[in-house]
Amino acid sequence: MVQVYHRERTVDGHQIFYREAGDPAAPTLVLLHGYPTSSFMFRHLIPLLADSFHVVAPDHLGFGLSDAPSTSEVDYSFDLLADITEGLLADLGVDRYAIYVQDYGAPVGWRLALRRPEAITAIITQSGNAYDEGFVEDFWEPVLAYQRSQDATTEAAIRGALSLDAIRWQYAHGVADTTLVDPEAWAHDHALVSRPGNDLVQLALFRDYATNVALYPQVHEYFRTSQVPLLAVWGEGDEIFGPDGARAFSRDLPDAEVHLVPGGHFLLESAVHEVADLIRDFLGSRVTGA
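Residues numbered from 1 in each chain as written. Predicted model: local features only at pLDDT ≥ 70, side-chain atom pairs only at ≥ 80, totals over all residues. Heavy atoms only, no water.

- An unreviewed UniProt entry lists the chain under the name Alpha/beta fold hydrolase, with Sanguibacter inulinus given as the organism.

This is how it looks when you write it as structure tokens:
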């Protein structure tokens with residue numbers, strides 16, 4: 001039976017929680033979660049991979065069980081989240097690794113790859129966008145409006161995304177049988193983003209998301225020059241990052257593997273075994289030692 005360890009490290013003065021499993025001598029896979037969740041989203045995936053891979057899944061600063069200092073103490077940005085992740089991996093002695101990116105995990109992963117392209121052995125992206133294609137307008141227009149102008153109206157629309165109903169929708173939409181989705185997932189996420197002051201953390205990151213789109217040309221150049229092995233496995237019913245976001249990777253990475261799987265934004269809740277099989281096959285054929 002695979003053992004999953006629940007650990008903490010101090011990075012730049014902050015306690016960072018992470019899950020770890022597998023032999024550290026095996027190829028490393030770093031799992032980077034999205035909004036509004038944490039490494040909790042990988043709780044079922046980690047045991048399915050840890051017999052063959054060394055798996056590390058941190059909670060971003062401000063999320064999950066990691067420290068969540070207030071916005072008066074910390075200037076939250078995706079650069080900061082990447083800094084913390086980079087520091088954690090350095091502290092763990094991880095210098096070569098594949099990344100699995102989802103939602104917010106994607107801009108963190110892209111920054112890691114741009115800083116040290118030689119460190120990245122492969123990429124798995126699951127609703128982790130890198131192109132203008134895939135942004136579903138109905139979901140993103142309120143975010144864009146808030147980025148353009150912060151006022152009572154635009155902020156109220158964004159604050160709606162922090163509600164229990166909105167978080168439940170993120171998990172349930174696109175899933176044919178919603179009884180496959182564990183209600184504990186959205187209850188867990190909502191409880192943590194509802195901590196005093198965490199709303200301001202999330203608002204800061206919604207504003208900073210504009211920097212991620214501005215980074216896309218550099219990410220595309222990285223893809224073209226590195227031809228990094230990439231697997232895009234996407235919920236075909238995702239109404240946040242639509243399937244066009246998955247298909248777009250083939251533009252700069254002609255050998256990318258693209259799989260659209262029945263499900264939604266949090267695909268692991270309803271199709272974890274299918275995703276795990278795709279990852280094992282992909283890494284087994286593309287990463288030396290896997």
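Comments concerning the overall build of the chain
- Looking only at helices and strands, the chain has 13 helices and eight strands in total.
- The globule rule puts the C-alpha radius of gyration for 290 residues at 19 Å, and the 18 Å found for the chain is close to it.
- Overall size of the chain, expressed as C-alpha extent along the three principal axes, is 55 × 40 × 40 Å.
- Looking at the chain as a whole, 56% of its 290 residues qualify as buried.
- Once local pairs closer than 6 in sequence are excluded, the contacts in the chain between residues at least 24 apart make up 76%.
- For the chain, the computed accessible surface area is about 11500 Å², with 51% contributed by carbon and sulfur atoms.
- Averaging the positions of the 18 positive and the 42 negative side-chain charges in the chain gives two centres separated by 3 Å. (Helix = DSSP H or I, 4+ residues; strand = E, 2+ residues; numbered from the N terminus. Rg over C-alpha atoms; globule rule 2.2 N^0.38 Å. Buried < 20%, exposed > 50% of the residue type's maximum accessible area, 1.4 Å probe, protein only. Contact = heavy atoms within 4.5 Å. Areas by Shrake-Rupley, 256 points an atom, 1.4 Å probe, with all protein chains shown as cover. Lys, Arg positive; Asp, Glu negative; His and termini not counted. Charge placed at Lys NZ, Arg CZ, Asp CG, Glu CD.)

Quick look at the UniProt feature "domain: AB hydrolase-1" (unreviewed entry) in the chain
- The positions that UniProt labels "domain: AB hydrolase-1" (unreviewed entry) are, in the present scheme, residues 27–269.
- When the span residues 27–269 is considered, its composition is 44% helix and 13% strand, and the gap between its end C-alpha atoms is 25 Å. (UniProt positions renumbered as here; feature names shortened; annotations may be inferred.)

Structural notes on the pairing of strand 6 (residues 120–125)
- Of all the six residues making up strand 6, six are buried; the element is thus mostly covered by neighbouring parts of the structure.
- Bridge count between strand 5 (residues 97–101) and strand 6: four bridges; the pairing is parallel. Residue pairing in the sheet places Ile99 in a bridge with Ile123 of strand 6. (Pairing = 2+ DSSP bridges.)

Examining the packing of aromatic side chains
- The full count for this structure, using the stated rule, is 23 aromatic pairs.
- Between the aromatic rings of Phe135 and Tyr216, the centroid separation amounts to 6.4 Å while the plane-to-plane angle is 40°, which identifies the pairing as tilted. Note that Phe135 is positioned in the loop between strand 6 and helix 4 (137–148) and Tyr216 in helix 10 (residues 216–226), a separation of 81 residues in sequence.
- Exposure remark for Tyr216: the relative accessible area of 3% places this residue in the buried category. (Phe/Tyr/Trp six-rings, centres within 6.5 Å; stacked < 30°, edge-to-face > 60°.)

What about the pattern of salt bridges?
- Tallied over the full model, the rule gives 18 salt bridges.
- The closest approach of N and O atoms between Asp91 and Arg9, which form a salt bridge, is 3.0 Å. In this pair, Asp91 is assigned in helix 2 (residues 78–92) and Arg9 in strand 1 (residues 4–11), connecting sequence segments 82 residues apart.
- Given the relative accessible area of 40%, Asp91 is considered partly exposed.
- Residues Arg224 and Asp252 are paired through a salt bridge, measuring 2.9 Å at the closest nitrogen-oxygen approach. Taken together, the residues span a long stretch of sequence, with Arg224 in helix 10 and Asp252 in helix 12 (residues 249–252) at a distance of 28 residues.
- We classify Arg224 as partly exposed; its relative accessible area is 41%.
- Under the relative-accessibility criterion, Asp252 is labelled buried at 8%.
- Via salt bridges that share partners, Arg43, Asp182 and Glu269 belong to a single interconnected network. (Salt bridge = Lys/Arg side-chain N within 4 Å of Asp/Glu carboxyl O.)

Focus: the sheet that holds strand 1
- Strands sit in the order 1-2-4-3-5-6-7-8 across an open sheet of eight strands; the sheet is mixed. Strands at the two margins of the open sheet, each flanked by one partner only, are strand 1 and strand 8 (257–261). Put simply, the sheet's adjacent strands are angled 20° from each other on average, direction ignored.
- Both strand 6 and strand 7 (residues 230–235) contribute to a ladder of three bridges, which runs parallel. Its bridge partner being in strand 7, Ile123 is matched across the sheet by Leu230. (Axes fitted to C-alpha atoms, helices over the stretch in contact; angles between N-to-C directions.)

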